[in-house]
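The chain contents come next:
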Amino acid sequence: AGLIRDVVFERCLLRLSVFRMAELERVEFRDCTLDDLDCYEASLSNVSVPGTDLRAVEFDKTRFQAVDLRGAQDLDIRSGRRFEGCLLDQQQLLPLVHLFADAAGVSVAREDEE
């Protein structure tokens, strides 16, 4: 747990990073790669990720307020149930359809399943 406030991370690589129960306020990840990020029970407020790769991100029990995920690239969110307070581009919805369907209790057959 901890507080990260009023910070811009630019062109950085964060692998196996843990923000469990942390508070991020007014934070921007600009042109970064966030690979295997754990945000369990974190609180994100006024966070943006322009040009940033989000790979293998865990958002279990994460609280969002004014989190702008537009501009995120290689969006790979592995878990999370509620995304109130997040803003996405329309193109970002398709890669996340299984995650959103699961959160809504809907089963979606994948093309590779028979």
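Please read all numbers here as calculations on a predicted model, not as lab measurements. All residue numbers here refer to positions counted from 1 along the written sequence of the relevant chain. Side-chain atom pairs in this predicted model are given and counted only at pLDDT of 80 or more, local residue features only at pLDDT of at least 70, and totals for whole chains, interfaces and linings cover all residues. Note that water and hydrogens are dropped before the side-chain values are worked out from all heavy atoms of the structure.

On to the sheet that holds strand 4 (residues 33–38). For two strands to be treated as a pair, DSSP must find no fewer than two bridges joining them. Helical segments are the DSSP runs of H or I of at least four residues, strand segments are the runs of E of at least two, and each set is numbered from the N terminus. The strand order 2-4-6-8 describes an open sheet built from 4 strands, whose pairing is parallel. Either end of the sheet is taken by a strand with one partner, and the two such strands are strand 2 (13–18) and strand 8 (77–79). The average undirected angle you get between the axes of adjacent strands in this sheet is 5°. Pairing between strand 2 and strand 4: 5 bridges, direction parallel. Directly across from L13, in strand 4, lies its bridge partner T33. Orientation is described by axes fitted as lines to C-alpha atoms, over the contacting stretch for helices, and by angles from 0 to 180 degrees between their N-to-C directions.

A few words on the pairing of strand 6 (residues 53–58). For strand 4 and strand 6, the ladder comprises 5 bridges, and the chain directions are parallel. Bridge pairing in strand 6 places T33 opposite D53. For strand 6 and strand 8, the ladder comprises 2 bridges, and the chain directions are parallel. What sits directly across from V57, in strand 8, is I77.

This next bit is on the sheet that holds strand 1 (residues 3–10). Read from one edge to the other, the open sheet built from 5 strands follows the order 1-3-5-7-9, with strand pairing classed as parallel. For this open sheet the edge positions go to strand 1 and strand 9 (86–87), each flanked by a neighbour on one side alone. Summarising the sheet, strand 5 (residues 43–48) and strand 7 (residues 63–68) pair through 5 bridges and their orientation is parallel. Bridge pairing links S43 to R63 in strand 7.

Stacked, edge-to-face and tilted are the three classes for Phe, Tyr and Trp ring pairs, Trp counted by its six-membered ring, which pair at centre distances within 6.5 Å; planes under 30 degrees apart are stacked, over 60 edge-to-face, the rest tilted. Counted under the stated rule, the structure contains 5 aromatic pairs. With a centroid separation of 5.1 Å and 85° between ring planes, the pair formed by F59 and F64 is classed as edge-to-face. We note that F59, like F64, is buried. Between F59 and F83 the ring centres are 6.3 Å apart and the planes differ by 80°, which places this aromatic pair in the edge-to-face class. Here F59 is found in the loop between strand 6 and strand 7, whereas its partner F83 is found in the loop between strand 8 and strand 9, with 24 residues between them in sequence. These aromatic residues form a ring-pair network of at least three members: F59, F64, F83 and F100. Each residue's exposure class comes from its accessible area (1.4 Å probe, protein chains only) as a fraction of the maximum for that residue type: buried when under 20%, exposed when over 50%, partly exposed otherwise.

Confidence scores per residue from the predictor, reported as pLDDT, run from 0 to 100. Per-residue pLDDT for the chain averages 90, and the proportion of residues at 70 or more is 97%. Put simply, helix 1 (residues 97–103) is where the chain has its lowest mean pLDDT, 82, and strand 3 (residues 23–30) is where it has its highest, 98.

Throughout this description, the term salt bridge denotes a Lys or Arg side-chain nitrogen within 4 Å of a carboxyl oxygen of Asp or Glu. By the definition in use, this model includes 12 salt bridges. Here D35 makes a salt bridge to R15, at a shortest N to O gap of 3.4 Å. Note that D35 is positioned in strand 4 and R15 in strand 2, a separation of 20 residues in sequence.

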